[in-house]
Amino acid sequence: MTRVELRQLRYFVAVAEELNFGRAAERLLIAGPSLSQQIKALERDLGVRLFDRDRRSVSLTPAGAALLPHTRDLLERADDLKRRAGRLSGSQPVRLGYVNWLPPDLGSRTAAVARVHVDAWVAPSHTQAARVADGSLDLAVCWVRTEDLERLGLRARLIGADRLYAVAKGTDTSDLPARDADVLIDDDITSWASWNGYAEELTQAVGARAVRISDGAVTGPAYFDHVRRCTRPVLNSPKGQTAPLPPDLVRREIVAPKVYWTWSLVWRASEDRAGVLAAVDALCEGVGDLGIHAPDAWLPTGDPYALHG
């Protein structure tokens, strides 16, 4: 019985109500063979046969009929427990920090499970990760490496990804091989530590040219001035993803490889509050891989979502 899952019990109820595996599978949005396997696993774990079935009909066995009302009651109590936990978790505020990007549907995703307060202090990724570690924040959307997670005692899930592009003078908007781009690296390691580490590895990996600057022009109007001064297209940064381009500059897609920057949702590995953990699930559910695992995608080796070997 320790292996029985609520999911399997819901499958049992659906088949009992439909008395047809095909209709039950459609209702549950799963494949028919998978549903049949799960029912067989449930019967094995319970030690009783729940259904009599042949090619033309499905019917409850006496054991199945006897267990059905108890199963419905158990599922109702489980749903009630989840609702109560949701109300309790929502009573505690969850503090979330970020760098410059948040999911546009953050409020609607988390409304049912927690009261999420977005922190007003917008800070670099390494700062926000450290604030989660020291308890100043409960969650943060930031860029992290696996070594940062281990050092700070954090966990992470993928919540977003930006495909970086280049900005160039002229009118040529054709795709640009990554090796033909310039990458700005700023002397201010307090503000740009995460970007600099990412940019340095990128230039070494793809053969792009590093351009050292000292004016914070990785993003903003000064960035466009650098584009005008540089002889090659300049890689943009995650902080410049949505900035409108001046009319004298054009966007060029980076290829060979496509260059991605990931956004993680991070929380303390020791976190046990239901509201925080529910907010993590709500924000990361259904995110997918966002293109970062495509054969022609590039991520730094320390990225938590990079595939190796």
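Above this text sits the structure in question.
Residues numbered from 1 in each chain as written. Predicted model: local features only at pLDDT ≥ 70, side-chain atom pairs only at ≥ 80, totals over all residues. Heavy atoms only, no water.

Looking now at the overall build of the chain. If you tally the helices and strands in the chain, you get ten helices and 14 strands. Rg of the C-alpha trace for the chain: 26 Å, well past the compact-globule value of 19 Å for 309 residues, more than 25% over. With the principal axes as the frame, the chain shows a C-alpha extent of 80 × 45 × 35 Å. Looking at the chain residue by residue over its 309 residues, the buried ones come to 45%. Taking as baseline every contact in the chain between residues at least 6 positions apart, the subset at least 24 positions apart corresponds to 72%. Accessible area of the chain: about 15,800 Å², with a carbon and sulfur share of 52%. Within the chain, one finds 39 positive and 40 negative side-chain charges whose respective centroids are separated by 5 Å. (Helix = DSSP H or I, 4+ residues; strand = E, 2+ residues; numbered from the N terminus. Rg over C-alpha atoms; globule rule 2.2 N^0.38 Å. Buried < 20%, exposed > 50% of the residue type's maximum accessible area, 1.4 Å probe, protein only. Contact = heavy atoms within 4.5 Å. Areas by Shrake-Rupley, 256 points an atom, 1.4 Å probe, with all protein chains shown as cover. Lys, Arg positive; Asp, Glu negative; His and termini not counted. Charge placed at Lys NZ, Arg CZ, Asp CG, Glu CD.)

Leaving glycine out, the prevailing phi sign among residues is negative, and the prevailing peptide bond configuration is trans. For the bond running from Ala-256 to Pro-257, omega is 5 degrees, close enough to zero to count as cis. Tracing the backbone through its elements, the reader meets Pro-257 in the loop between strand S12 (249-255) and strand S13 (258-268). We note that Leu-29 has phi near 60 degrees; this positive angle belongs to a residue other than glycine. Inspection of the secondary structure assignment puts Leu-29 in the loop between helix H2 (21-28) and helix H3 (32-46). On the accessibility criterion, Leu-29 (74% relative accessible area) is exposed. A positive phi is found at Ala-256, a non-glycine position, where the angle reads about 55 degrees. Following the sequence through the fold, Ala-256 ends up in the loop between S12 and S13.

Before going further, it helps to spend a moment on the pairing of strand S9 (residues 182-186). Of all five residues making up S9, five are buried, and the element is well covered by its neighbours. Alternating positions in S9 separate into two faces, Asp-182, Leu-184 and Asp-186 on one and Val-183 and Ile-185 on the other, with burial throughout. Here S9 pairs with strand S10 (residues 209-213) via five bridges, running parallel. Pairing of Ile-185 across the sheet is with Arg-212, part of S10. In the classification by handedness, the crossover that spans S9, the intervening helix H8 (residues 189-206) and the parallel S10 is right-handed. (Pairing = 2+ DSSP bridges. Right-handed = clockwise from strand over helix to strand, strands pointing away.)

Our next topic: the packing of aromatic side chains. Throughout the structure, instances matching the rule amount to eleven aromatic pairs. Both rings, one in Phe-21 and one in Phe-51, keep their centres 6.1 Å apart while their planes meet at 70 degrees; by these two values the pair is edge-to-face. Separated by 30 residues along the polypeptide, Phe-21 in helix H2 and Phe-51 in strand S1 (residues 51-53) bring together distant segments of the chain. Judged on exposure class, the residue Phe-21 and its partner Phe-51 are both buried. Seen in terms of ring centroids, Trp-195 and Trp-261 are 6.0 Å apart; in terms of plane orientation they differ by 35 degrees. Their pairing is tilted. With Trp-195 in helix H8 and Trp-261 in strand S13, the pair connects residues that are 66 residues apart, well separated along the chain. Side by side, Trp-195 and Trp-261 carry an identical accessibility label, which is buried. (Phe/Tyr/Trp six-rings, centres within 6.5 Å; stacked < 30°, edge-to-face > 60°.)

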